[in-house]
Amino acid sequence: MIRFVNVSKQYSNHTRALQNINLEIPAGSFTFLVGPSGSGKSTLIKLLYREELATEGEIWVLDKNIENLSKHDVPILRQQTGVVFQDFKLLTQKSVWENVAFALEILGVSKQEQTKRIQGVLELTNILHLKDFYPRQLSGGEQQRVSVARAIVNKPPVLLADEPTGNLDPNTSWEIMKLLSKIGKTGTTVIVSTHNYSMVDRMKRRTIKLEGGKIVADIPEGAWTHGS
Amino acid sequence: MIRFVNVSKQYSNHTRALQNINLEIPAGSFTFLVGPSGSGKSTLIKLLYREELATEGEIWVLDKNIENLSKHDVPILRQQTGVVFQDFKLLTQKSVWENVAFALEILGVSKQEQTKRIQGVLELTNILHLKDFYPRQLSGGEQQRVSVARAIVNKPPVLLADEPTGNLDPNTSWEIMKLLSKIGKTGTTVIVSTHNYSMVDRMKRRTIKLEGGKIVADIPEGAWTHGS
Amino acid sequence: MAAEGRTFHQINYALGQGIQNMVRSPFMSLIVISTMMIALSTLGFLLLLLSDLNHVSEELSTQLKIVVFLEDQQDINKLASDVEAIPGVKPPVKKITREEAFESMTREQPELKELLKDNPFPASLEVAVNSTADMAKVGTEIRQKPGVEEVQFNPELAEQLQQVQNGVQLVGSIIAGILILATLAIVVNTIQLAVHQRHKEIEIMRLVGAPQWFIRLPFLLEGLIFGIFSSILASLLLVLWRLVPYSQLQRWFAFLPLPDSLMPLVSIGALLLGTGVLMGLLGSTVSVHRYLKLEYK
Amino acid sequence: MAAEGRTFHQINYALGQGIQNMVRSPFMSLIVISTMMIALSTLGFLLLLLSDLNHVSEELSTQLKIVVFLEDQQDINKLASDVEAIPGVKPPVKKITREEAFESMTREQPELKELLKDNPFPASLEVAVNSTADMAKVGTEIRQKPGVEEVQFNPELAEQLQQVQNGVQLVGSIIAGILILATLAIVVNTIQLAVHQRHKEIEIMRLVGAPQWFIRLPFLLEGLIFGIFSSILASLLLVLWRLVPYSQLQRWFAFLPLPDSLMPLVSIGALLLGTGVLMGLLGSTVSVHRYLKLEYK
Ligand SMILES: Nc1ncnc2c1ncn2[C@@H]1O[C@H](COP(=O)(O)OP(=O)(O)OP(=O)(O)O)[C@@H](O)[C@H]1O
Ligand SMILES: Nc1ncnc2c1ncn2[C@@H]1O[C@H](COP(=O)(O)OP(=O)(O)OP(=O)(O)O)[C@@H](O)[C@H]1O
Ligand SMILES: [Mg+2]
Ligand SMILES: [Mg+2]
């Protein structure tokens, strides 16, 4: 379960990205995060894997207040959290396959098991034919799918996807979203930020709407249109 | 006017990104470019400002076959072409204001004129309040709007926007798209690649659909749905 | 006119960029400047040392003197000025009259005074030469002057000293040559790495339409400033060395004529400045060129 | 057991990464290795030069000999072995019997042979010392041996030579010290720049959950390999210098006892390897640490 208790985040340039967030997200649930550009979606996600630290409040993930994690425990949190970054964050010196493999190598997964799993996710995300290419040789959408593949390959208990379909056409977006939703059904807690309101309308899942760093709507079987 | 004559593009890893493209885009027109991820939209756009060279064929922009441009003329072509890059390509060491100003500095625009114009585009893209921040301090959508602002600030005769709303919420996307379309009405040739089919449906402009590097549809008052 | 105005404005901007880049990447600037400073000060230190060694061996060689004994009743002043006129002689020639010779001998051995009634010592000249290499030539020439009784000097010792001097100079030049090359290579390498860090930025500027000179100019200015800063710092280090540990050395090696003046530092400083600036400019030109020469695809 | 297996696999992978990184950034590897090579070979060159100078001055000092004239009818062999036993004497002591002395003198001046009926020359020993500093002590000791008629040596010359030796060593150590520091700083700086290029990568690895050691290990391996490569290249450069331009020098300075052996290169090579490896490891540790110590926000 993920829980925010009175969380605020102010960046060093005094931008108040989140203000007094209180939120409970049950384990194994699927949640959309919507809201205008700059409303704090990425910030909320960054707090969950400790790219950023909250200025105030407590954030509980996997039964730990992650604000107090020791240096040693942060990598473990991140190993248990798959993240699709808004800007992909692929390793430029590694091929598609190696980028995905990296998430398994840090866990010490055997080569055999790796091959099986990587093959699987690259097929799911439909980029297996690109496995030997480097990120700079891929289109925007292809890079985004590599980021998705890396996030899900180690079957993490928490999956955070920040705008995972921003560079994808509607069909591919729908495939990816179905994939994320399917992963949600296997017990993984999934949080997806998105601007794709037709997707939100279609999926009928819990939708949290942010505006100016505050939660302005939380609709159980959400549709974008309800929120605005 | 922009004209593609039998243009093919094969990347060094043998990926055939574009195959035998023939296309005419009248000066001052507005054109959407759609198609699934990896279909060659970005490649087509990159050819137009010479980030990539065609493997075969001729590309005419502003009455020149840009495949034969001299070293000296490439910067001039690029000065006359505003580009919103799919991955933004902001200068990380410069503030929002400075990033936009850079496009004017290379033209030698006076400081006074700069201030007026930059102020104008930052207001249009609704990021004036962020003018002193650095790209790393911005949200994805904010960065994208900086890229838009830089592309339009010098009122170029050609404007290429590669997925300019991928990180924007529907309202902001609509604002940006209206902005691009308005620029199109001032005589600028505008080409916009997008995955946002509701936008395409709503705008009712010429829409070219790519698939596997080939043009599969070219609808004058296009709607996405016609193409598929 | 409008075009010129623009160009001036643009140059201004591009130069400002150079400064801005340095200030906004303090880590990189620091590393580049410190590396250049280290390389330059090592070079400067060595050059200083060589100049000091040279000074010492020259001083030592003027301590090697030709002693000229005069025939009786000769005019010591006239001979002295004759000798001073010989090329290679380092004026002033020291004159020792018969009386002075008697004085100094009897001061050393007081018992002599009683034994000697007459003054048996001849007047003499002590002649220093500018270079030990000239000693034999000068000696022979003096010997031919009228009124000269005898000329004493040690040509072998002079020759040995000359050889040592030559050796020091040769070894010194080899080391200096190698060090100059090494410094050059290291500085160019460092600047290359620093520019490489910014190749994405360069690429973006090119894509936005910046002309080549516009991209190059800030780097040139940076290279120039790196060169100036680092060579000034290196020169300051040398002055510091000259003021503190060196004066300690002077005390220890009081018997060696170690030079006192800060003069050589001026020329070495100038040399370092020249080298630094040149290397800075060269380094950035070469490195930026790497990224600009890439085909415009 | 499973955990151990994993760790082994992970270490393997991390090490492989080190190699991969080097191969995939050939430009950076090249610059780092060449900079390190240049710095190390400059250092090595200087050390070699010092060792050569030392050798020369030692050789010269053994050419300064103590000549011992024997009383008549003394057993030259016994005295020779007595003298050899004195600490500081460099064996073997050269024995010149009365006959040999006569031979050599008359060979030089054949007219002597007729003038002399008897052989007036005493037998003598030529004694070399290990260090000129010992000459006075050794000379005095020999003088006290029974059967020694006279001992001849030049203590001032010995002392002067000693002073030159001391000077060379002092100056050499100062230069070497400065050069070692400079090399260290330059290498660490260069590696810092190289690691800085990859700080985005490091950041991504951290965000994906890689533990610190996992990120650090490849860099350490890289540092190690950089150190090994560059020091081997530097040593090869020294060997090259020894084989080509140096032998030219030997021909020019035939009168100087320049050493022939490649032996000093072995120890200097070993030293460079040690320094290179140490600096490589140190450099990468320090630099990676910069990016790892950043707070986990
Ligand atoms: N590192 C940072 N330093 C300072 N301000 C930041 C930083 N990151 C984000 N911000 C600011 O915080 C606010 C929220 O940003 P955030 O990235 O969370 O928005 P978002 O909802 O993800 O927007 P988008 O949909 O455009 O990605 C924005 O106003 C942004 O400018
Ligand atoms: N630099 C490159 N080197 C090799 N292959 C490339 C390169 N850039 C693109 N490609 C390949 O060319 C094809 C077309 O890419 P392009 O970027 O034009 O697609 P796109 O239509 O823009 O896709 P997206 O909507 O995902 O951005 C893709 O299969 C991609 O993998
Ligand atoms: Mg965001
Ligand atoms: Mg694209």
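Here the residue numbering is sequential within each chain, running from 1 through the sequence in written order. Lettering of chains starts at A and numbering of ligands starts at 1, both following the order in which they are written. Only residues with pLDDT of at least 70 get local features here, since the model is predicted, and only at 80 or more are side-chain atom pairs given and counted; chain-wide, interface and lining totals rely on the full set of residues. Heavy atoms throughout the structure, all of them, feed into the side-chain values; hydrogens and water do not.

Draft legend 1. Local environment of the sheet that holds strand β5 (residues 64–65) of chain A. All names here are of chain A. Any two strands with at least two DSSP-identified bridges between them are counted as paired. Each helix corresponds to a stretch of at least 4 residues labelled H or I by DSSP, and each strand to a stretch of at least 2 residues labelled E; elements are numbered beginning at the N terminus. With respect to topology, four strands assemble into an open sheet ordered β2-β1-β4-β5, the strand pairing being antiparallel. In the strand order of this sheet, the two ends are held by β2 (16–25) and β5, each with one partner. Pairing between strand β1 (residues 2–10) and β2: six bridges, direction antiparallel. Following the sheet pairing, Gln-10 is matched in β2 by Arg-16. Strand contacts of helix α1 (residues 41–48): β1, β2 and β4 (56–61), with the helix running at about 120 degrees to β1, the strand carrying the most contacts. A contact between two residues is defined here by any heavy atoms of the two lying within 4.5 Å. Orientation is described by lines fitted to C-alpha atoms, with helices fitted over the stretch in contact, and by angles between N-to-C directions that extend from 0 to 180 degrees.

Draft legend 2. Inspection of the pattern of salt bridges at higher detail. Should a side-chain nitrogen of Lys or Arg be within 4 Å of a carboxyl oxygen of Asp or Glu, the pair is scored as a salt bridge. By the definition in use, this model includes 30 salt bridges over all chains. A salt bridge links Arg-24 of chain D to Glu-98 of chain A; the nearest nitrogen and oxygen atoms lie 2.7 Å apart. With Arg-24 of chain D in helix α1 (residues 2–24) and Glu-98 of chain A in helix α3 (residues 96–105), this residue pair bridges two chains. A relative accessible area of 25% places Arg-24 of chain D in the partly exposed class. Residues participating in the shared-partner salt-bridge network are Glu-113, Lys-116 and Arg-117 of chain A. Only protein chains enter the area calculation, which uses a 1.4 Å probe; residues under 20% of their type maximum are buried, those over 50% are exposed, and those in between are partly exposed.

Draft legend 3. Spatial organisation of the coordination of the magnesium ion (ligand 4). Here the magnesium ion (ligand 4) is held by the protein donor atoms Ser-42 of chain B (OG) and Gln-86 of chain B (OE1), which lie 1.9 to 2.2 Å from it. In this pair, Ser-42 of chain B is assigned in helix α1 (residues 41–48) and Gln-86 of chain B in the loop between β6 (81–84) and α3 (96–105), connecting sequence segments 44 residues apart. Metal-coordinating donors are taken as N, O and S atoms lying within 2.8 Å of the metal, or within 3.2 Å when the metal is Na, K or Ca; because water is left out, some sites can appear incomplete.

Draft legend 4. Representation of the site of ligand 1 in the model. Ligand 1 sits among 21 residues. The nearest are Ser-42 and Thr-43 of chain A together with Ser-139, Gly-141 and Glu-142 of chain B. Under this definition, polar contacts are N or O atom pairs within 3.5 Å; protein pairs additionally need one hydrogen-donor-capable and one acceptor-capable atom, and for neighbouring residues in sequence, both atoms have to be side-chain atoms. Measuring from an oxygen atom of ligand 1, one finds a backbone N or O atom of Lys-41 of chain A at 2.7 Å. Within the side chain of Thr-43 of chain A, one N or O atom sits 2.5 Å away from an oxygen atom of ligand 1. In the complex, the protein chains occlude 93% of the 630 Å² of accessible area that ligand 1 would expose alone. For each residue, the test is whether any non-hydrogen atom lies within 4 Å of the molecule or strand; if one does, the residue is near. Working definition of accessibility: Shrake-Rupley area with a 1.4 Å probe, residue cover restricted to the visible protein chains.

Draft legend 5. Structural view of the site of ligand 2. Near ligand 2 you find 21 residues, and of these Ser-139, Gly-141 and Glu-142 of chain A together with Ser-42 and Thr-43 of chain B are the closest. Chain contributions to the surroundings of ligand 2 come from chains A and B. Between ligand 2 and Gln-86 of chain B there is a distance of 2.9 Å, counted from an oxygen atom to a side-chain nitrogen or oxygen. A distance of 2.9 Å separates an oxygen atom of ligand 2 from a polar atom in the side chain of His-195 of chain B. Those elements that place two or more of their residues in the shell around ligand 2 are α5 (140–152) of chain A together with α1 of chain B. Amino acids are sorted into nonpolar (Ala, Val, Leu, Ile, Met, Phe, Trp, Tyr, Cys and Pro), charged (Asp, Glu, Lys and Arg) and polar (every other residue, Gly among them). Considering only residue class, the shell around ligand 2 consists of three nonpolar, 15 polar and three charged.

Draft legend 6. Local environment of the domain arrangement of chain C. Residues and elements named next belong to chain C. Split into domains, chain C comes out as domain 1 (13–60 + 160–295) and domain 2 (65–153). If you average the C-alpha positions of domain 1 and of domain 2, the two centres end up 50 Å apart. Taken together, the four residues of domain 1 in the interface contact four residues of domain 2. Reported buried area values correspond to the accessible surface (1.4 Å probe) lost by two parts on association, with both partners' losses combined. Of the roughly 230 Å² buried where domain 1 meets domain 2, counting both sides, 43% is carbon and sulfur surface. Joining domain 1 to domain 2, the criterion identifies zero salt bridges. In this entry, domain limits derive from an automatic or database-based domain assignment.

Draft legend 7. Expanded view of unusual backbone geometry. Residues and elements named next belong to chain A. One non-glycine residue, Asp-63, lies in positive phi territory at about 65 degrees. Tracing the backbone through its elements, the reader meets Asp-63 in the loop between β4 and β5. On the basis of relative accessible area, Asp-63 is assigned to the exposed category, the value being 69%. The backbone phi angle of Phe-88 is positive, close to 70 degrees, even though this residue is not glycine. Along the chain, Phe-88 falls in the loop between β6 (81–84) and α3. A relative accessible area of 12% means that Phe-88 is categorised as buried.

Draft legend 8. Structural view of the interface of chain C and chain D. With 34 residues of chain C in contact, the opposing surface of chain D contributes 34 residues. Here chain C meets chain D over a buried area of about 3000 Å², counting both sides, of which 81% is carbon and sulfur. Remark: the boundary between chain C and chain D carries zero salt bridges. There are eight residue pairs in polar contact (both at pLDDT 80 or more) connecting chain C and chain D. At the level of secondary structure, the elements contributing two or more residues to the side of chain C that touches chain D comprise α2 (26–63), α7 (155–196) and α11 (263–292) of chain C. When residues in the side of chain C that touches chain D are grouped by element, the largest group, 16 residues, is from α7 of chain C. Residue composition of the side of chain C that touches chain D, grouped by class: 24 nonpolar, nine polar and one charged.

Draft legend 9. Layout of the side chain of Asn-21 of chain C. Residues and elements named next belong to chain C. Following the sequence through the fold, Asn-21 ends up in helix α1 (residues 2–24). Residue Asn-21 is classed as buried on the basis of its relative accessible area of 8%. In this view, Asn-21 contacts Arg-198, Glu-201, Pro-218 and Glu-222; residues no more than four positions away in its chain are not counted.

Draft legend 10. Representation of the coordination of the magnesium ion (ligand 3) within the structure. At 1.9 to 2.2 Å from the magnesium ion (ligand 3) lie its protein donor atoms, namely Ser-42 of chain A (OG) and Gln-86 of chain A (OE1). The class of Ser-42 of chain A is buried, set by a relative accessible area of 16%.

Draft legend 11. Highlighting the nonpolar core. Here, nonpolar core means buried Ala, Val, Leu, Ile, Met, Phe, Trp, Tyr and Cys residues that are tied together by side-chain atoms lying within 4.5 Å of each other. Counting 188 residues, the largest nonpolar core has Phe-102 and Leu-180 of chain A together with Phe-102 and Leu-180 of chain B as its most contacted members. Ignoring any residue separated from it by four or fewer positions in sequence, one finds Leu-180 of chain A in contact with Phe-30, Ile-152, Leu-159, Ala-161, Pro-164, Val-190 and Val-192 of chain A.

Draft legend 12. Broad picture of the relation of the copies chain C and chain D. Our superposition of the copies is a least-squares fit, built on the C-alpha atoms of residues whose pLDDT is at least 70 in both. Turning chain C through 180 degrees and shifting it by 0.0 Å along the axis lays it on chain D, with an RMSD of 0.2 Å. Here the symmetry operator amounts to a two-fold rotation axis. For chain C, the minimum C-alpha distance to the rotation axis belongs to Gln-197 of chain C and amounts to 2.9 Å. Looking at chain C, 100% of its interface residues are interface residues in chain D too, so the copies touch through the same face.

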